[in-house]
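Remarks on the overall topology
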Amino acid sequence: SAWRMEIAVVLLDSLPEDVHPAGFAAALLNYWGVGDKRLHTGLLALLLLGQRRLEVRTGYGAGRVIKPELLQSIQEERMLPHLR
């Protein structure tokens, strides 16, 4: 079977102060089951518009294909400038 990746984009105004965005994004990625459950090929981008924050979390399988350096570069060069 072909290797597939699933991406979810979540837009919220903000999170409560006691909820850490990185943990929330990781929990949501797992709770929704984004990506192939066996290969863990999901990616979740959480944009908190009111807090001007972006969190991106990947499943273990997706993280093997999209290296952290590439993901960081995409965020800094392609995504974050549009949030400023």
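The text that follows walks through the structure, step by step, so that each part is easy to find. Computed from a predicted structure; not experimentally measured. (Residues numbered from 1 in each chain as written. Predicted model: local features only at pLDDT ≥ 70, side-chain atom pairs only at ≥ 80, totals over all residues. Heavy atoms only, no water.)

Where nonpolar side chains cluster on the molecular surface, the patch consists of Ile7, Val9, Leu11 and Leu49 and spans about 410 Å² of accessible area. Here Leu11 is to be found in strand 1 (residues 6–12). The exposure class assigned to Leu11 is exposed, which follows from its relative accessible area of 54%. (Patch = residues over 30% accessible without salt bridge, like charges linked within 9 Å, V, L, I, M, F, W, Y side chains within 5 Å. Areas by Shrake-Rupley, 256 points an atom, 1.4 Å probe, with all protein chains shown as cover. Salt bridge = Lys/Arg side-chain N within 4 Å of Asp/Glu carboxyl O. Helix = DSSP H or I, 4+ residues; strand = E, 2+ residues; numbered from the N terminus. Buried < 20%, exposed > 50% of the residue type's maximum accessible area, 1.4 Å probe, protein only.)

A few words on the sheet that holds strand 1. Strand order in the open sheet made by the three strands is 1-2-3, with mixed pairing throughout. The open sheet has two free edges, formed respectively by strand 1 and strand 3 (53–58), since each of these has just one partner strand. Going across the sheet, the axis of each strand differs from the next one's by a mean of 10°, ignoring polarity. Relative to strand 2 (residues 42–48), strand 1 is paired through seven bridges, and the arrangement is parallel. Looking at the pairing, Ile7 lines up with Leu43 of strand 2. Of the strands in this sheet, strand 1, strand 2 and strand 3 touch helix 1 (residues 21–32), which is tilted by about 135° from strand 2. (Pairing = 2+ DSSP bridges. Axes fitted to C-alpha atoms, helices over the stretch in contact; angles between N-to-C directions. Contact = heavy atoms within 4.5 Å.)

Next up on the list: the pattern of salt bridges. In a structure, side chains of opposite charge can pair up when their charged atoms sit close to one another. Under the criterion given, the structure shown has two salt bridges. Residue Glu55 pairs with Arg53 through a salt bridge whose shortest N-O separation is 2.6 Å. Given the relative accessible area of 9%, Glu55 is considered buried. Arg57 is the partner of Glu55 in a salt bridge, and the nearest nitrogen-oxygen pair spans 3.1 Å.

Of note, the phi angle at His40 is positive, near 55°, even though the residue is not glycine. Accessibility expressed as a relative area gives 40% for His40, which makes it partly exposed.

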